[in-house]
Amino acid sequence: MRLRRLAPLAPLLALILAACGSQPAAQPTTAPESQPAAATAAPAAEQKLVVYSGRSESLVAPLFEQFTQDTGIAVEARYGDTAELAATILEEGANSPADLFFAQDAGALGALGAAGLLAPLPEASLDAVEPRFRSANGDWVGVSGRARVVVYNTEQLSEEDLPASITGFAAPEWQGRVGWAPTNGSFQAFVTAMRVQLGEEAARGWLEEMIANDTRVYERNAAIVNAVAAGEIDVGFVNHYYLYQIQAETGNTLQAANYYPQDGDVGALINIAGVGLLNTARNAGSAQELVTYLLSADGQRYFAEKTFEYPLTDAVQPDPRLRPLSEIQTPELDLNNLSDLQGTLQLLQEVGAL
């Protein structure tokens, strides 16, 4: 099933602002008494686990099918934009049918955690990944890693032509040559990271400069990669894996490569795709089984081989074409501090990026 997109942005923004502002983190939402408890859940073959997925259907539907084949637990996945799904869960509250939220970034998970809507995860799940890839409060965990990169046209540019910092692309010489996707959840998480690391005014100034510099707007990261490879633009801001996914789909070697900003720049952010268990889940046991599966060797192998993301456990190695996580000069930034999704959406709207 696919959730109807919440539109326009203003009601979505108002909803997130109201929900996150009005619910204290220390007060978890409890399920109505009429809802069945996890302890009395139906056998696996009769269960239908409801997942709200900010990951696209093309990316994760095969993984859900694999999980069902291995466990007998059916998955009803409702797909949509990560921020919009987070807003939907906030609106639904205790009446949400969702058992698990599969988010595109840590910020959306943090927003739900701050609103008191996520349940604690077992230590075994949390300890499966490095501390930087899980919630400090123990209510969400990363299942795959995603590096922010600058994809560039290799016929027009080399790495030596690119600025060390993402902020350098606001310079006049890059006018009309850059692409971004402001509606994309990963881009929004990056802007949140910029706000945290550089400050609110610096982030606002950079966004305004990029807009004034005629930055080209695309709906999806894949479209940016294709535009770069075709010479439509010279560079674009995306996640690392889109380049490899398009190459795998087309069988072609694109005239494009990934560049990692240097010296701990925010443009080299390593974010996660992760999961959080709703504390109103009707199928909490099955939801936890999916969490365990995503962190198992089978689940991690799927991310490494099918989506070209970084596996986050030691059981599986990443695709050899990827730069090792240990060699990326990432910013000193705690993903737990990226929960202010509503502030980022408001900023993007104010500057005219949305």
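Quantities reported herein were computed from a predicted structural model and do not represent experimental measurements.

Asks: How do you make sense of the overall build of the protein chain when you look at a structure like this?
Replies: A count of helical and extended segments in the protein chain gives twelve helices and ten strands. Counting all 354 residues of the protein chain, 56% fall into the buried class. When the accessible surface of the protein chain is summed, it comes to about 14300 Å², and 47% of that surface belongs to carbon and sulfur atoms.

Asks: Mind showing me how you'd approach the packing of aromatic side chains here?
Replies: Two aromatic rings are characterised by how far apart their centres lie and by the angle between their planes. What the rule picks out here adds up to twelve aromatic pairs. Ring geometry for Phe190 and Trp206: centres 5.8 Å apart, planes at 85°, overall edge-to-face. Of this pair, Phe190 sits in helix α6 (residues 185-198) while Trp206 sits in helix α7 (residues 200-212), and the two are 16 residues apart along the sequence. What makes Phe190 buried here is its relative accessible area of 2%. Grouping aromatic residues by their ring pairs yields a cluster made of Phe169, Trp174, Trp180, Phe187, Phe190, Trp206 and Phe237.

Asks: Would you take a moment to explain helix α2 (residues 57-71) for this structure?
Replies: Residues spaced three or four apart along an α-helix point in a common direction, a consequence of the helix completing one turn every 3.6 residues. Taking 1.5 Å per residue as the helical rise, α2 with its 15 residues ought to reach 21 Å, and the 20 Å between its terminal C-alpha atoms agrees with that figure. Every buried residue of α2 is accounted for by Leu59, Val60, Ala61, Leu63, Phe64 and Phe67. Gly72, located one to two residues past α2, shows a positive phi value of around 80°.

What counts, and at which threshold
- Residues numbered from 1 in each chain as written.
- Predicted model: local features only at pLDDT ≥ 70, side-chain atom pairs only at ≥ 80, totals over all residues.
- Heavy atoms only, no water.
- Helix = DSSP H or I, 4+ residues; strand = E, 2+ residues; numbered from the N terminus.
- Buried < 20%, exposed > 50% of the residue type's maximum accessible area, 1.4 Å probe, protein only.
- Areas by Shrake-Rupley, 256 points an atom, 1.4 Å probe, with all protein chains shown as cover.
- Phe/Tyr/Trp six-rings, centres within 6.5 Å; stacked < 30°, edge-to-face > 60°.
- Expected span 1.5 Å × (residues − 1).

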